[in-house]
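Per-entry structural report
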Amino acid sequence: MSDLLKRVAIVGSGNWGSTIAKIVGTNILKFNTFENEIRMYVYEELVDGRKLTEIINQEHENIKYLPGHKFSHNVVAYADAVETVKDADILLFVLPHQFVEIICNAIKSHVKKTAFIVSFSKGFYVSQDKRVDLLSTVVSSLLEVPCYVLMGANIANEVAAGTFCEATVGSRNYEHGQIVKGLLQTDEFRIVIKPDAEVIEVLGALKNIVAVAAGFSDGLGYGDNTKAAVIRLGLKEMVKFCEEFFPGHHPHIFLESCGVADLVTTCYGGRNRKIVCIVTLALHIHHVITKDKDDIAHKIQALIPTCFLILYYTFGLVSIYRFHRVGILLFASIGIILFMAACLFFSWIIFLLVSLVLDHNIMSKMFGFFVLFGLLFGTFVTIVIATLELAFNLTKLIQMHGYTTF
Ligand SMILES: NC(=O)c1ccc[n+]([C@@H]2O[C@H](COP(=O)([O-])OP(=O)(O)OC[C@H]3O[C@@H](n4cnc5c(N)ncnc54)[C@H](O)[C@@H]3O)[C@@H](O)[C@H]2O)c1
Ligand SMILES: O=P(O)(O)OC[C@H](O)CO
């Protein structure tokens, strides 16, 4: 390893961490100022009886947290956090907020004094005595190096699929900001650097609270108008919070990807909203079952749409991770079988009706039969081809958008 080349490490390898590894892994090969190898800390777990680090290093894919996307070969998984970060100049922290402090304590004395960190985690640090702090503050005070942030409307599966989106980097250090931008920006993932780092981070945490309200609204079956009101009021509260606790920021920061855009995407496609929505639906079922004990017909009527919604959202959640391929296959197969059954049924009805109409004599019967058979066969084949195409398109769509399609 050359002493002149800078080394990048990624700490965290969930849905977002793996997406960042995919982007940075490819981007870094364009520069001659960085070591090509990127170490990625992977919390070790067994997947189908194999270690996740081994799977990633052999198959170049995180089949649990980002299935269907390959890393470039320079991304190397490490189960040891200290091994991952030692010698690194730039550390990309993509951990769920609850593990940030533990990992910082573990790597504390192994981080280079000249290194800097970028935190991608959305959430607050809450100490045991219930003190709330910014994660970046905790990271930089524990590791004694600067910590910047990257937030934005970035549902990981979409970013990994390469659909267009933007992100906001919060940094008051021009040189470091440009390095981060260089490592992360692609034609489809546009990075904007802004100095209001604290507010940028706070917005990434607060939007999750609004997403919970959006989940209640969806679970109660309210429409898009209600959700728009939730988003508007939520944004107002977020602005108020920032004005109260972090005065002096530029008001336009709320119009960046980390502000209104992240709020919208989270309230429509985010996991927090989805989980709250399922819980609200479950509460609704409980409410219907326990009220009007004798009115069975009304209960069934009230529960049918709820059950469908639960199936819909649960399928969406299940399809986030490694089950998504099975889910897609199942979904497409059910669709095809249902379409085929419906086609056969309607063909049979039409055949019966037309046979009755054509029943004049044996010749016209035979002629009619062949015409009818030809028509039915043509219709049937067309419908099957159209259905298969639909199923394949759906599969492609789900693979591209992951769970966000739901
Ligand atoms: N997923 C997204 O779309 C997305 C987008 C933007 C930001 N974020 C933020 O990024 C952060 C990471 O989220 P994610 O979606 O990558 O996570 P995830 O929910 O997909 O994965 C959880 C990760 O935590 C690891 N883990 C489990 N137990 C652990 C432990 N004891 N110690 C250390 N690690 C452990 C798992 O191995 C896995 O890598 C969060 O703060 C999230 O808000 C997520
Ligand atoms: O799935 P969520 O709710 O954690 O949201 C994901 C990202 O933060 C959206 O930008």
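Residues numbered from 1 in each chain as written. Chains lettered and ligands numbered in written order. Predicted model: local features only at pLDDT ≥ 70, side-chain atom pairs only at ≥ 80, totals over all residues. Heavy atoms only, no water.

The following threshold applies: UniProt positions are given in the numbering used here, feature names are shortened, and annotations may be inferred rather than shown by experiment.
If you look the protein chain up in an unreviewed UniProt entry, it shows as Glycerol-3-phosphate dehydrogenase [NAD(+)] from Rotaria socialis. Recorded under Sequence similarities (unreviewed entry), the UniProt text for the protein chain is reproduced unchanged: "Belongs to the NAD-dependent glycerol-3-phosphate dehydrogenase family." On record in UniProt, under Catalytic activity (unreviewed entry), the comment for the protein chain is "sn-glycerol 3-phosphate + NAD(+) = dihydroxyacetone phosphate + NADH + H(+)".

**Brief notes about the pattern of salt bridges**
What counts here: By salt bridge we mean one thing: a side-chain nitrogen of Lys or Arg within 4 Å of a carboxyl oxygen of Asp or Glu. Strands here mean DSSP runs of E at least two residues long; helices mean DSSP runs of H or I at least four residues long; both are numbered from the N terminus.
One pass over the full model with this rule turns up 14 salt bridges. Where E37 meets R7, a salt bridge forms, and the shortest distance between an N and an O atom there is 3.1 Å. A residue pair is termed long-range when its members are at least 10 positions apart, and E37 in the loop between α1 (15-27) and β2 (38-41) and R7 in the segment before β1 (8-11) qualify at 30 residues. In this structure, the salt-bridge partner of E37 is R39, at a minimum N-O distance of 3.1 Å. Within the structure, one salt-bridge network assembled from shared partners comprises R7, E37 and R39.

**Quick look at the nonpolar core**
Our working definition: We define a nonpolar core as any set of buried Ala, Val, Leu, Ile, Met, Phe, Trp, Tyr and Cys residues linked to one another through side-chain atoms lying within 4.5 Å. Remark: exposure states derive from per-residue accessible area (1.4 Å probe, protein chains only) relative to the maximum for the residue type, with buried under 20%, exposed over 50%, and partly exposed in between. Whether two residues are in contact is decided by their heavy atoms: any pair within 4.5 Å suffices.
Among the nonpolar cores identified, the biggest contains 40 residues, and W16, I20, L92, F120, L150, L184 and F189 are the most heavily contacted of them. Broken down by element, this core gets its largest block of residues, 5 residues, from α1. The residues contacting F189, other than those within four sequence positions of it, are W16, I23, N154, V159, C165, E166, A167 and L184. Among the nonpolar cores identified, the runner-up in size contains 24 residues, and A9, Y41, V85 and V100 belong to it.

**As for helix α8 (residues 197-219)**
Every α-helix winds through 3.6 residues per turn, so residues three or four apart in the chain are directed the same way. Just so we agree on the cut-off: Working rule for helices: expected span equals 1.5 Å times residues minus one.
For α8, with 23 residues, the first-to-last C-alpha span of 34 Å sits near the 33 Å given by 1.5 Å per residue. Counting buried positions over the 23 residues of α8 gives 18, a clear majority of the element. Of the residues flanking the end of α8, it is G221, one or two places downstream, whose phi is positive at about 80°.

**Comments concerning the sheet that holds β1**
Stated precisely, the cut-off is as follows: DSSP bridges decide pairing: two strands pair if at least two such bridges lie between them. Between the N-to-C directions of two axes lies an angle of 0 to 180 degrees, each axis being a line fitted to C-alpha atoms and, for a helix, fitted only over the stretch in contact.
In space, the 8 strands of this open sheet follow the order β5-β2-β1-β6-β7-β10-β11-β12, with mixed pairing throughout. Lying at the two open borders of the sheet, with one neighbouring strand each, are β5 (75-78) and β12 (189-194). Along the sheet, successive strands turn relative to each other by an average axial angle of 25°, direction set aside. Here 4 bridges tie β1 to strand β6 (residues 90-93), and the two strands are oriented parallel to one another. Residue A9 lies in a different strand from β6, and its bridge partner there is L91. Contacts from helix α2 (residues 52-59) reach β2 and β5 within the one sheet, and its direction differs from that of β5 by about 165°.

**Observations regarding the packing of aromatic side chains**
Note the following rule: Here is the rule: rings of Phe, Tyr and Trp (six-membered ring for Trp) pair when centre to centre is within 6.5 Å. Planes less than 30 degrees apart are stacked, more than 60 are edge-to-face, and the remainder are tilted.
For the structure shown, the criterion picks out 6 aromatic pairs. When the centroid spacing of 5.5 Å and the interplanar angle of 80° are considered together, the rings of F31 and F34 count as edge-to-face. Judged by relative accessible area, F31 falls into the partly exposed class, the value being 31%. Look at F34 and you get buried, because its relative accessible area is 8%. The interplanar angle of 45° and the centroid separation of 4.7 Å between the aromatic rings of F241 and F245 together place this pair among those described as tilted. Pair noted here: F241 and F245 are both in helix α9 (residues 224-245), with a separation of 4 residues, about one helical turn. With a relative accessible area of 52%, F245 lands in the exposed category.

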